[in-house]
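# Analysis of the macromolecular model
Here is what each chain is made of, one letter per residue.
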Amino acid sequence: MMALMEISLIPIGTNSASFSSSVVNAVRIIEEKGLKYQVTPTNTIIEGDLDQLLDTAKAIHRNAISNGVDRIVTNISIDERVDKQLSIEQQVDIVQQSLQ
């Protein structure tokens, strides 16, 4: 079964208010793991099985620390259905169809 995970990073203790480099590094990790994702202005949505998602969240969090951030707050939210398949596209399509 596939699940969706929303992840956002809040780097603390940097010399800049920007956190785009943390997002770029996170996306590189997601791509290396071969997972489907969608970047939004405030977070990134990743599709995969639960173990893949949790391993990816851990890798993203630890990568931010290893790249010189003094402190990182990582927020994750996981949406997992066991009664039917779940995907990023399906979730977006359902909302878009409902708006028409």
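Reading guide: rules and limits
Residues numbered from 1 in each chain as written. Predicted model: local features only at pLDDT ≥ 70, side-chain atom pairs only at ≥ 80, totals over all residues. Heavy atoms only, no water. Helix = DSSP H or I, 4+ residues; strand = E, 2+ residues; numbered from the N terminus. Buried < 20%, exposed > 50% of the residue type's maximum accessible area, 1.4 Å probe, protein only. Patch = residues over 30% accessible without salt bridge, like charges linked within 9 Å, V, L, I, M, F, W, Y side chains within 5 Å. Areas by Shrake-Rupley, 256 points an atom, 1.4 Å probe, with all protein chains shown as cover. Salt bridge = Lys/Arg side-chain N within 4 Å of Asp/Glu carboxyl O. Lys, Arg positive; Asp, Glu negative; His and termini not counted. Charge placed at Lys NZ, Arg CZ, Asp CG, Glu CD. Contact = heavy atoms within 4.5 Å. pLDDT = per-residue confidence, 0-100. Axes fitted to C-alpha atoms, helices over the stretch in contact; angles between N-to-C directions. Left-handed = near helix turned anticlockwise from the far one by under 90°. Core = buried A, V, L, I, M, F, W, Y, C linked by side-chain atoms within 4.5 Å.

Each helix and strand in the chain was counted, giving three helices and four strands. Start at the N end of the chain and walk to the C end: the helices and strands fall as β-α-β-β-α-β-α. Projected onto its principal axes, the C-alpha coordinates of the chain cover approximately 45 × 30 × 20 Å. Taking all 100 residues of the chain together, the buried fraction comes to 29%.

This part takes up a negative patch on the surface. The grouping of Asp 49, Asp 51, Asp 55, Asp 79 and Glu 80 at the surface amounts to a negative patch. Elements that contribute at least two residues to the negative patch include exactly α2 (50–66) and β4 (71–80). Position of Asp 55 among the secondary structure elements: in helix α2. Asp 55 gets classed as partly exposed once you look at its relative accessible area, which sits at 46%.

All right, on to the side chain of Ser 87 then. Residue position: Ser 87 is located in the loop between β4 and α3 (88–99). Accessibility expressed as a relative area gives 13% for Ser 87, which makes it buried. Sequence-distant contacts of Ser 87, that is, excluding residues within four places in its chain, are made with Leu 4 and Glu 47.

Attention now goes to the confidence of the model for the chain. When the pLDDT values of the chain are averaged, the result is 89; 95% of them are 70 or greater. Looking across the chain, the model is least confident in α3, with a mean pLDDT of 84, and most confident in strand β3 (residues 44–48), with 96.

The next point concerns the packing of helix α1 (residues 20–32) against α2. Relative to each other, α1 and α2 sit at 145°, their axes nearing to 10 Å. Crossing handedness for the pair α1 and α2: right-handed. Contacts between α1 and α2 involve Asn 25, Ala 26, Ile 29 and Ile 30 from the former and Thr 56, Ala 59, Ile 60 and Asn 63 from the latter.

For Thr 44, the location among the structural elements is in strand β3. Taking relative accessible area as the criterion, Thr 44 reaches 6% and is therefore assigned buried. Setting aside residues no more than four positions away along its own chain, Thr 44 makes contact with Met 5, Glu 6, Ile 7, Ile 30, Tyr 37, Gln 38 and Val 39.

Most often, soluble globular proteins keep nonpolar side chains buried together rather than apart. Membership of the largest hydrophobic core comes to 15 residues, with the highest contact counts inside it found for Met 5, Ile 7, Ile 46 and Ile 60. Among the secondary structure elements, those contributing two or more residues to this core are β1 (3–12), α1 and α2. When residues no more than four places from it in sequence are discounted, the contact partners of Ile 60 are Ile 7, Leu 9, Ala 26, Ile 29, Ile 30 and Ile 46.

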